[in-house]
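Residues per chain, in single letters:
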Amino acid sequence: MNWKTFYALLSRDGHVARRNLVPTLVQNLLQPMLLTFVFGRVLTASGMMQMGYKNVLLPGIISISMSLSGIWAVAMPLISEFQFTREIEDRLLAPMETHWLAVEKVVAGMIQALVSGLVVIPTAWLVVGSGVSLSFHQPLQFAVVCLLVALFSAAGGLALGCSIGQTQIGLMFSMVVAPMMFFGCAYYPWSALASFKALQYAVLLNPMVYASEGLRGTLVPQVPHIPILAVIGALVVMDGVLLAVGLNRFNRKAVS
Amino acid sequence: MGIGIRIENLRKVYDTPPPIAARSGGFSFTPVRSKSTGDKKSKEKKKFEVVALDGISLEIRPGEVFGLLGPNGAGKSTTIGILTTRTRPTSGRAFIGEFDVWQEQVKAKLLIGVVPQRPNLDFALTAREILLFHGAYFGQSSRERTRRADEMIEKFKLTDRADHMVRTFSGGMMQRLSIARAMMHDPEVLFLDEPSAGLDPQTRLLLWEIIRDYHRLGKTIVLTTHYMDEADALCERLAIIDHGKIIAQGTPQELKSSIPGGYLLRLRFDRAPEELLAQLRTLPGVSEVRGTDHVATDVYADRGGTLISGIVSSAQAAGVELRDVHISEPSLETLFLHHTGRSLRD
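Residues numbered from 1 in each chain as written. Chains lettered and ligands numbered in written order. Predicted model: local features only at pLDDT ≥ 70, side-chain atom pairs only at ≥ 80, totals over all residues.

As a further point, take the overall build of chain A. The helix and strand inventory of chain A stands at 10 helices and 0 strands. Going residue by residue from the N terminus, the α and β elements of chain A occur as α-α-α-α-α-α-α-α-α-α. For 256 residues, the compact-globule estimate of 2.2 N^0.38 gives 18 Å, and chain A sits close to it at 19 Å. Overall, the C-alpha framework of chain A stretches about 60 × 40 × 35 Å when taken along its three principal axes. For chain A, the proportion of its 256 residues judged to be buried stands at 47%. Pairs at least 24 residues apart make up 84% of the contacts formed inside chain A by residues separated by at least 6 positions. (Helix = DSSP H or I, 4+ residues; strand = E, 2+ residues; numbered from the N terminus. Rg over C-alpha atoms; globule rule 2.2 N^0.38 Å. Buried ≥ 20, exposed ≤ 12 C-beta atoms within 10 Å, placed from the backbone. Contact = placed C-beta atoms within 7 Å.)

Given below as structure tokens:
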């Protein structure tokens with residue numbers, strides 16, 4: 001393994017991300033802020049939602065923004081770089097085994113997901129106003145959950161980015177990303193699905209469920225959530241599967 | 001001391017459309033089909049098969065300029081693809097120096113620089129950044145890559161636009177930058193896949209000069225082309241590829257002298273009966289006469305224009321009208337025609 005090359009590729013992605021810093025920030029922050037404001041502030045202040053809903057919502061918003069930014073950061077460049085311009089070719093020719101380029105993309109995506117999660121926490125907390133009690137009493141568990149969520153989003157981005165073409169981006173959002181968000185237990189805890197038994201078990205296939213529930217369990221443990229260890233176990237398995245699928249797709253796409 | 005290349009019995013069968021086809025289609029979608037045997041559709045899909053290379057063996061000597069010549073779709077790019085780790089061969093082996101390209105990919109990659117058929121520059125970067133990052137991928141120190149990038153920008157006349165994003169570049173500039181990037185890490189072997197396609201004549205000459213300079217440093221250069229003059233001007237040795245097979249190999253001089261007679265006269269009559277062909281064979285200097293259909297006839301001979309009067313009188317004697325004459329001097333084009341029966345651009 002050629003670490004110099006790996007590091008150079010990572011710094012290339014870092015360089016491009018820094019160049020696009022403002023649009024990336026807007027893209028990562030605006031939507032969660034609007035959601036937080038409408039659901040966490042407007043609806044609770046008007047009495048249409050209970051104040052306690054803020055505690056349910058905040059970890060969900062963080063989960064959405066981490067997941068989306070990781071998927072976005074890996075999938076979108078891959079989709080365009082594998083198009084007819086084959087921009088990625090110069091990096092495939094870098095002196096390193098082909099699959100390490102995919103690993104590099106995943107690491108870069110994880111970093112972006114973590115950064116956007118870290119930026120969203122304080123911002124959303126500010127927007128949502130008083131009445132939120134975040135606990136940071138389990139820093140280790142919180143860190144592990146964050147890393148696994150970042151890996152899920154980046155590996156998911158790899159798998160998606162290597163499976164679809166430019167013309168299917170819209171379809172990807174309406175068929176994969178939107179259901180994942182709405183059935184990802186971001187806006188409600190998993191236990192709220194109890195009256196829809198079939199759905200409650202079906203959504204367990206959605207990795208975002210574990211992202212939202214894991215963040216809930218570590219940030220607002222007073223809200224009902226899936227046990228942390230179960231969350232970590234499920235995320236490890238899903239990360240492994242997504243990474244394997246993503247690497248396989250990448251190799252197939254990279255070498256004809 | 002340069003690095004040689006060896007190809008042993010290379011075969012490539014695409015069972016999905018090759019990337020080139022996908023590229024020209026504008027987008028590519030890797031079909032995600034289940035491999036269940038009951039699925040009729042996937043069975044039909046499996047039948048897609050294109051033999052791009054059909055058992056090619058080649059040896060390229062260290063430090064030589066070697067040309068792969070052939071029409072579109074002959075297998076040139078696939079050969080380059082396999083040698084540059086971008087295409088997996090169905091069978092056979094390829095070596096860059098002592099390294100098997102598919103066993104020791106990283107070591108092979110360190111030795112090669114590649115100029116693709118179409119510029120595949122990193123659109124998220126400026127020209128200078130492309131060179132700098134490329135140097136970094138190949139482990140050059142910061143000082144070394146800065147110096148080298150400056151040198152390349154100067155050499156390829158990109159100084160004015162060095163700090164512009166490359167998506168604003170013209171085709172010729174992109175091509176120049178692609179070549180600069182391939183040379184950035186000073187590779188021992190340089191692959192150029194149709195390097196002068198789309199270049200204006202001036203840039204083409206600059207490119208030839210750069211290739212010759214690089215060759216003088218003892219580097220091995222492999223280029224594909226379908227321009228005869230380019231192959232003639234640059235290559236020390238050539239292989240002519242058609243339908244995935246090598247049909248002739250040697251120095252341009254050797255290849256040209258292998259054409260019987262050297263000159264090719266393409267004739268058209270209103271009809272070409274067998275007795276006329278037999279009559280043509282008896283003309284002085286004629287070494288071969290081929291009737292390609294009932295009207296067209298190819299005459300290989302050691303002379304050109306001086307044969308015309310003989311041909312005209314033979315035609316008159318046979319009661320046949322001569323309708324068109326084209327004389328080709330000895331060239332790789334006539335060589336190609338001789339071997340395949342069709343012109344290079346067909």
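Scanning chain B from N- to C-terminus turns up 13 helices and 14 strands. Among the 346 residues that make up chain B, the fraction classed as buried is 41%.

All right, on to the environment of L206 of chain B then. Relative to the elements of secondary structure, L206 of chain B occurs in helix α8 (residues 201-216). Spatially, the C-alpha atoms of L206 of chain B and R176 of chain B are 9.6 Å apart, while their sequence positions differ by 30 residues.

As a further point, take the domain arrangement of chain B. Domain boundaries assigned for chain B yield domain 1 (5-27 + 47-256) and domain 2 (260-329). For domain 1 of chain B and domain 2 of chain B, the distance between their C-alpha centroids amounts to 41 Å. (Domains from an automatic or database assignment.)

Attention shifts here to helix α7 (residues 169-182) of chain A. Taking 1.5 Å per residue, 14 residues should reach 20 Å; α7 of chain A reaches 18 Å between its end C-alpha atoms and fits that length. Along its length, α7 of chain A shows its largest kink, about 25°, at V176 of chain A, and proline P179 of chain A lies within four residues downstream of that point. (Expected span 1.5 Å × (residues − 1). Bend = angle between axes of the 7 residues up to and from the residue.)

Consider a sheet: its strands pair through backbone hydrogen bonds, and that pairing is either parallel or antiparallel. Residues and elements named next belong to chain B. One open sheet accounts for 4 strands, arranged β12-β13-β11-β14; its pairing is antiparallel. A strand with exactly one partner marks an edge of an open sheet, and here the two such strands are β12 (286-291) and β14 (322-328). When strand polarity is set aside, the average angle formed by the axes of neighbouring strands in this sheet is 15°. Note that strand β11 (residues 263-269) and β14 share 6 bridges and pair antiparallel. (Pairing = 2+ DSSP bridges. Axes fitted to C-alpha atoms, helices over the stretch in contact; angles between N-to-C directions.)

Its 14 residues give helix α7 (residues 171-184) of chain B an end-to-end C-alpha distance of 20 Å, which sits within 8% of 20 Å, the value for a rise of 1.5 Å per residue. Counting buried positions along α7 of chain B yields 11 of 14 residues, so the element is predominantly enclosed. For α7 of chain B, the full list of buried residues reads M173, Q175, R176, L177, S178, I179, A180, R181, A182, M183 and M184 of chain B. Summarising the contacts, the buried residues of α7 of chain B are in contact with α4 (89-92) of chain A together with β6 (112-115), α5 (127-137), α6 (142-155), β7 (189-193) and α8 of chain B. Two residues or fewer after α7 of chain B comes D186 of chain B, characterised by a positive phi angle close to 55°.

On to the pairing of strand β1 (residues 5-14) of chain B, then. A regular strand places its side chains on the two faces of the sheet in alternate fashion. With 5 bridges joining them, β1 of chain B and strand β4 (residues 91-96) of chain B adopt antiparallel strand pairing. In the strand pairing of β4 of chain B, I7 of chain B is matched with A94 of chain B.

Before going further, it helps to spend a moment on the confidence of the model for chain B. Residues and elements named next belong to chain B. For chain B, mean pLDDT is 83; residues scoring 70 or higher make up 88% of the total. Mean pLDDT across the elements of chain B bottoms out in helix α1 (residues 19-24) (41) and peaks in α5 (95). What the predictor reports for the complex is a pTM of 0.82 with an ipTM of 0.88. (pLDDT = per-residue confidence, 0-100.)

Before going further, it helps to examine the interface of chain A and chain B. On the side of chain B, 32 residues touch chain A, which itself brings 30 residues to the contact. Within the residue set of the side of chain A that touches chain B, elements represented by two or more residues are α1 (3-19), α4 and α10 (228-254) of chain A. A class-by-class count of the residues in the side of chain A that touches chain B yields 11 nonpolar, 10 polar and 9 charged. (Nonpolar A, V, L, I, M, F, W, Y, C, P; charged D, E, K, R; others polar.)

Turning our attention to the pairing of β7 of chain B. All names here are of chain B. The element β7 is extensively covered by neighbouring structure, given that 5 of its 5 residues are classed as buried. What you see with β7 is no split at all: V189, F191 and D193 on one side and L190 and L192 on the other are buried throughout. Looking at chain direction, β6 and β7 are connected through 4 bridges and run parallel. Bridging from a neighbouring strand, I112 pairs with V189 of β7. As for the winding sense of the linkage, the β-α-β connection from β7 through α8 to strand β8 (residues 220-225) is right-handed. (Right-handed = clockwise from strand over helix to strand, strands pointing away.)

This paragraph deals with the packing of helix α2 (residues 21-45) of chain A against helix α5 (residues 98-128) of chain A. Residue and element names in this part refer to chain A. α5 packs onto α2 with a crossing angle of 30° between their chain directions and a minimal axis gap of 9 Å. As summarised for this structure, α2 and α5 are arranged roughly parallel, according to the angle between their axes. The element α2 and its partner α5 pack so that their crossing is right-handed. Contacts between α2 and α5 involve N28, L29, P32, M33, T36, F37, G40 and R41 from the former and S116, V119, V120, T123, A124, V127 and V128 from the latter. For the contact of α2 with α5, the per-class residue count stands at 9 nonpolar, 5 polar and 1 charged. (Parallel < 35°, antiparallel > 145°, perpendicular 65-115°, else oblique. Left-handed = near helix turned anticlockwise from the far one by under 90°.)

Residue and element names in this part refer to chain B. Taken in spatial order, the 4 strands line up as β2-β1-β4-β5 in an open sheet, and their pairing is antiparallel. With one partner strand each, in any of the chains shown, β2 (50-60) and β5 (99-100) form the two edges of the open sheet. Of the pairings in the sheet, the one linking β1 to β2 comprises 8 bridges and is antiparallel in character. Of the residues in β2, the one forming a bridge with K12 is L53.

Along the chain, F123 of chain B turns up in the loop between β6 and α5. Between the C-alpha atoms of F123 of chain B and R167 of chain B, which are 44 residues apart in sequence, the distance is 5.6 Å. Once residues lying within four places of it in the same chain are set aside, the contact partners of F123 of chain B are E87 of chain A together with V166 and R167 of chain B.

Glancing now at unusual backbone geometry. The phi dihedral of C185 of chain A is positive, around 55°, even though this residue is not glycine. Note that C185 of chain A resides in the loop between α7 and α8 (197-202). For C185 of chain A, a count of 28 C-beta atoms within 10 Å translates into the label buried. We note that K157 of chain B has phi near 55°; this positive angle belongs to a residue other than glycine. Within the element layout of this structure, K157 of chain B appears in the loop between α6 and α7. Judged by local crowding, K157 of chain B falls into the partly exposed class, with 13 C-beta atoms found within 10 Å.

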